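# Examining the three-dimensional arrangement
Read off the chains here:
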Amino acid sequence: MIAGILGAVTWALETLILGTAMAMAPFLSSEQAMLLAPFTSTFLHDFFSAVWACIYNGARGNLNQFFKALKSRNGRFVVLGAVIGGPLGMTGYVLSINNMGPSIGAVASAAYPAIGAALAFFLLKEKMQWYRWFLLFITLLGVYGLSYSPEITITNFWLGFAGTLMCAFGWGTEAVILAKSMQGTEVTDEIALQIRQTTSAIFYGFILLPLLDGWNLTFCLFSESGLLIPTIAMAALFATISYLFYYRAIAQIGAAKAMAVNITYAAWSIVFSVVFFKDTGVLNLTTIICTLIVLVCGILAATDYKDLLKKESSL
């Protein structure tokens with residue numbers, strides 16, 4: 001539970017940093033740059049995240065396990081989940097925050113636990129009591145409430161909404177695949193992250209960007225003397241930390257519970273928008289109430305009270 005909450009907090013920070021990068025001049029220099037921005041930024045984001053994960057696993061002496069895991073059946077399933085959650089889910093996420101803003105994009109994309117919880121229930125047979133379904137539904141209502149504010153300017157609602165659907169399907173499916181893959185001993189949560197980010201970066205670099213003719217823009221971004229690349233690298237660092245906590249939560253408490261806790265990043269993003277960026281446009285009675293609903297109900301939806309009572313009685 002603690003790992004899941006820390007994953008949500010760090011992902012909210014990642015969202016705001018990535019949103020800052022997406023608003024920088026190189027991504028707004030031309031119509032082509034704006035169209036390619038979600039794909040080039042996601043490639044750079046996952047590439048830097050793969051580098052951070054490699055440094056982390058290298059320092060812990062885990063890189064040998066990475067190559068062994070790739071040869072296993074569960075490792076190949078992580079690769080499949082990486083393709084679904086990376087190119088599909090992450091591109092949708094960037095589309096969402098690029099067209100709706102970082103705080104609202106984060107809120108909108110937080111709908112993925114509904115899909116993931118249903119898949120975990122039917123495919124992994126994870127228990128989901130009626131009150132947890134109810135609390136998850138209330139959490140999603142809070143997410144919807146957070147997305148409404150008359151002071152917020154949304155540049156392209158339908159493109160952002162399409163990105164939200166991509167993100168929800170991609171991340172929800174990925175979490176279930178990861179939970180199944182990490183049930184064995186071949187793939188740990190740390191190795192799963194390394195496989196995920198490396199696979200996503202390779203898929204973007206060798207398939208999507210060549211198809212979209214996006215390498216020219218990518219090279220131009222590196223030639224910029226500004227803070228764009230360092231900002232994306234910083235966002236990728238927080239994303240890597242967030243994934244480490246999130247994958248640990250999936251491995252320890254299951255996909256449905258981990259996603260219910262992780263959804264609270266939508267509320268944290270509102271909090272950090274106000275605290276760090278002074279974005280008072282999102283601060284009104286509706287957002288305050290809905291933020292509290294998302295934080296409280298999201299955590300409670302991940303809690304199995306019967307298991308807690310059993311543990312307390314055994315103590």
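Note that the coordinates shown come from a computational prediction; the quantities given were computed from them, not determined experimentally. (Residues numbered from 1 in each chain as written. Predicted model: local features only at pLDDT ≥ 70, side-chain atom pairs only at ≥ 80, totals over all residues. Heavy atoms only, no water.)

A word on the overall build of the protein. What the protein contains, in helices and strands, is 15 helices and zero strands. The 315 residues of the protein split such that 54% are buried. Long-range contacts, defined as pairs at least 24 residues apart, comprise 87% of the intrachain contacts of the protein with a sequence gap of at least 6. (Helix = DSSP H or I, 4+ residues; strand = E, 2+ residues; numbered from the N terminus. Buried < 20%, exposed > 50% of the residue type's maximum accessible area, 1.4 Å probe, protein only. Contact = heavy atoms within 4.5 Å.)

With that settled, consider the packing of aromatic side chains. Scanning all chains against the criterion turns up 11 aromatic pairs. Between the aromatic rings of Trp 11 and Tyr 243, the centroid separation amounts to 5.4 Å while the plane-to-plane angle is 65 degrees, which identifies the pairing as edge-to-face. Of this pair, Trp 11 sits in helix α1 (residues 2–22) while Tyr 243 sits in helix α11 (residues 228–253), and the two are 232 residues apart along the sequence. Members of the aromatic cluster, connected to one another through ring pairs, are Trp 11, Trp 171, Tyr 243, Tyr 246 and Tyr 247. (Phe/Tyr/Trp six-rings, centres within 6.5 Å; stacked < 30°, edge-to-face > 60°.)

All right, on to the packing of helix α2 (residues 31–59) against helix α10 (residues 215–223) then. Two elements in contact, α2 and α10, have axes whose closest approach is 9 Å; the angle formed by their N-to-C orientations is 65 degrees. The orientation of α2 relative to α10 falls into the category roughly perpendicular. Of the two possible hands of crossing, α2 and α10 adopt the one that is right-handed. Every residue of α10 that contacts α2 at Ala 33, Leu 36, Thr 40, Phe 43, Leu 44 and Phe 48 is listed here: Trp 215, Leu 217, Thr 218, Leu 221 and Phe 222. Split by residue class, the contact of α2 with α10 holds nine nonpolar, two polar and no charged. (Axes fitted to C-alpha atoms, helices over the stretch in contact; angles between N-to-C directions. Parallel < 35°, antiparallel > 145°, perpendicular 65-115°, else oblique. Left-handed = near helix turned anticlockwise from the far one by under 90°. Nonpolar A, V, L, I, M, F, W, Y, C, P; charged D, E, K, R; others polar.)

With that out of the way, let us pick up the pattern of salt bridges. Enumeration according to the criterion identifies five salt bridges in this entry. Put simply, Arg 196 and Asp 46 hold a salt bridge, and the shortest N to O gap is 3.7 Å. Of this pair, Arg 196 sits in helix α9 (residues 189–212) while Asp 46 sits in helix α2, placing them 150 residues apart in sequence. Here Arg 196 and Asp 46 have matching classes, each one buried. (Salt bridge = Lys/Arg side-chain N within 4 Å of Asp/Glu carboxyl O.)

Before going further, it helps to examine empty space enclosed by the protein. Summary: where empty space remains is shown by rolling a probe the size of a single water molecule over the atoms. Tallying each qualifying case throughout the model produces one cavity of 30 Å³ or more. If you add up the space inside the largest cavity, you get close to 120 Å³. Around the largest cavity sit Trp 11, Tyr 112, Trp 171, Glu 174, Ala 175, Ser 242, Tyr 243, Tyr 246, Asn 262 and Tyr 265, which together line it. Of all the secondary structure elements, the ones that give two or more residues to the lining of the largest cavity are α8 (157–181) and α11. Among the residues making up the lining of the largest cavity, the classes are represented as seven nonpolar, two polar and one charged. (1 Å grid on protein atoms, 1.4 Å probe; cavity = no way out; pocket = protein on both sides within 12 Å on 5 of 7 lines; lining within 4 Å. Points joined across faces, edges and corners; volume = space filled by probe spheres on them.)

On the secondary structure map, Ala 25 appears in the loop between α1 and α2. Between the C-alpha atoms of Ala 25 and Glu 224, which are 199 residues apart in sequence, the distance is 9.9 Å.

Let's shift gears to the confidence of the model for the protein. The predicted model of the protein has a mean per-residue pLDDT of 80, with 85% of residues at 70 or higher. Within the protein, the element-level pLDDT minimum falls on helix α15 (residues 305–314), averaging 55, and the maximum on α11, averaging 91. (pLDDT = per-residue confidence, 0-100.)

Attention now moves to the side chain of Ser 41. Here Ser 41 is to be found in helix α2. Apart from the residues within four sequence positions on either side, Ser 41 is in contact with Met 22, Phe 27, Val 94 and Ile 232.

The next thing to look at is unusual backbone geometry. Backbone geometry at Asp 213 places phi at a positive 55 degrees, although glycine is not the residue there. Within the fold, Asp 213 resides in the loop between α9 and α10. With a relative accessible area of 45%, Asp 213 lands in the partly exposed category.

Tracing the chain through its elements places Phe 277 in helix α13 (residues 265–277). In this structure Phe 277 comes out as partly exposed when scored by relative accessible area, which is 43%. The spatial distance from the C-alpha of Phe 277 to the C-alpha of Leu 16 is 8.7 Å, given a sequence separation of 261 residues. Those residues in contact with Phe 277 that lie beyond four places of it in its chain are Leu 16, Thr 20 and Phe 272.

For the rest of this paragraph, the subject is the packing of helix α4 (residues 73–100) against α9. In contact at an axis separation of 8 Å, α4 and α9 are set at 60 degrees when each is read in the N-to-C sense. Between α4 and α9, the interaxial angle falls into the category oblique. As for the relative orientation of α4 and α9, their crossing is right-handed in sense. Contacts between α4 and α9 involve Gly 75, Val 78, Val 79, Ala 82, Val 83, Gly 85, Gly 86, Pro 87 and Thr 91 from the first element and Ala 192, Ile 195, Arg 196, Thr 199, Ser 200, Phe 203, Tyr 204 and Leu 208 from the second. Considering only residue class, the contact of α4 with α9 consists of 10 nonpolar, six polar and one charged.

Residues Tyr 93 and Tyr 246 are the most contacted members of the largest nonpolar core, which totals 70 residues. Examining the composition of this core, we find that 13 residues originate from one element, α11, more than from any other. (Core = buried A, V, L, I, M, F, W, Y, C linked by side-chain atoms within 4.5 Å.)

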